[in-house]
Amino acid sequence: MSKTIAVVVGSLRKDSYNRHLALAVAALAPPGYVSEHLDIGSLPLYSQDDDANQAESVKKLKAGIEAADALLFVTAEYNRSIPGVLKNAIDHASRPWGKTSWPGRPAGVIGISPSPLGTAFAQEHLRAVLVNQQVPLYLGPEVYLQYKEGLLDDKGHVANEGTRDFLKKWVDGYLAFIDRHGK
């Protein structure tokens, strides 16, 4: 039986490095793991006034999370934190009060950025938010990649063998974590 991983990419940019990284990670997984990318770009801005009548895009996001065996967050870093669109998605899926979709699904957090620090600050903030949502987190090794031209392509290919080996080690550990902590 295959396991479904709901993938949340914290960047809306058409040619997002993080979307490419998500594809690369999925390509390194063995058969039996299916990645389902969740749409966070069509969500309205979160307002508690809408909790009783959530938009269809919010319902679809929540259903995708709830149907998944695990979560993968692949985030950009904006101003040393998580992108607003990602925080908006987390807020939507945590509401209405008492009906959060997040708890109990094991998750991994990775990211890539042109910065030499990768997405270290964004990942630190994201982990704090996810812990609050009772999401079990895979903690290592951490993946803070620095983007370099040609490192990844839009098909999920990793040009650098050392980076590919590092990501494969991360994927293997993450999938073992899912298998131990999954629903």
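Residues numbered from 1 in each chain as written. Predicted model: local features only at pLDDT ≥ 70, side-chain atom pairs only at ≥ 80, totals over all residues. Heavy atoms only, no water.

Topic: the nonpolar core
Stage number 1. Membership of the largest hydrophobic core comes to 28 residues, with the highest contact counts inside it found for Ile 5, Leu 21, Leu 72, Ile 110, Trp 170 and Tyr 174.
Stage number 2. When contributions to this core are tallied by element, the ones reaching two or more residues are strand E1 (3–9), helix H1 (17–28), strand E3 (70–74), strand E4 (107–113), strand E5 (143–146) and helix H5 (161–181).
Stage number 3. The contact partners of Ile 110, leaving out residues within four places of it in the chain, are Leu 21, Val 25, Leu 72, Phe 73, Val 74, Thr 75, Thr 119, Gln 123, Val 143 and Trp 170.
Stage number 4. Among the nonpolar cores identified, the runner-up in size contains 25 residues, and Ala 89, Trp 102, Ala 107 and Leu 130 belong to it. (Core = buried A, V, L, I, M, F, W, Y, C linked by side-chain atoms within 4.5 Å. Buried < 20%, exposed > 50% of the residue type's maximum accessible area, 1.4 Å probe, protein only. Helix = DSSP H or I, 4+ residues; strand = E, 2+ residues; numbered from the N terminus. Contact = heavy atoms within 4.5 Å.)

Re the UniProt feature "domain: NADPH-dependent FMN reductase-like" (unreviewed entry) in the protein
Stage number 1. When the UniProt feature table is mapped onto this chain numbering, "domain: NADPH-dependent FMN reductase-like" (unreviewed entry) sits at residues 5–146.
Stage number 2. For residues 5–146, the helix share is 33%, the strand share is 18%, and the end-to-end C-alpha distance is 24 Å. (UniProt positions renumbered as here; feature names shortened; annotations may be inferred.)

Let's talk about the sheet that holds E3
Stage number 1. The five strands are arranged E2-E1-E3-E4-E5 in an open sheet whose pairing can be described as parallel. Looking at the sheet topology across the chains shown, the edges are occupied by strand E2 (33–37) and E5. Recorded for the sheet is a direction-independent mean angle of 25 degrees between the axes of neighbouring strands.
Stage number 2. As paired elements, E4 and E5 share four bridges and run parallel to each other. Each bridged residue has a counterpart across the sheet, and for Gly 111 the counterpart in E5 is Tyr 144.
Stage number 3. Packing of H1 onto the sheet brings it into contact with E1, E2, E3, E4 and E5, and relative to E4 it is tilted by some 130 degrees. (Pairing = 2+ DSSP bridges. Axes fitted to C-alpha atoms, helices over the stretch in contact; angles between N-to-C directions.)

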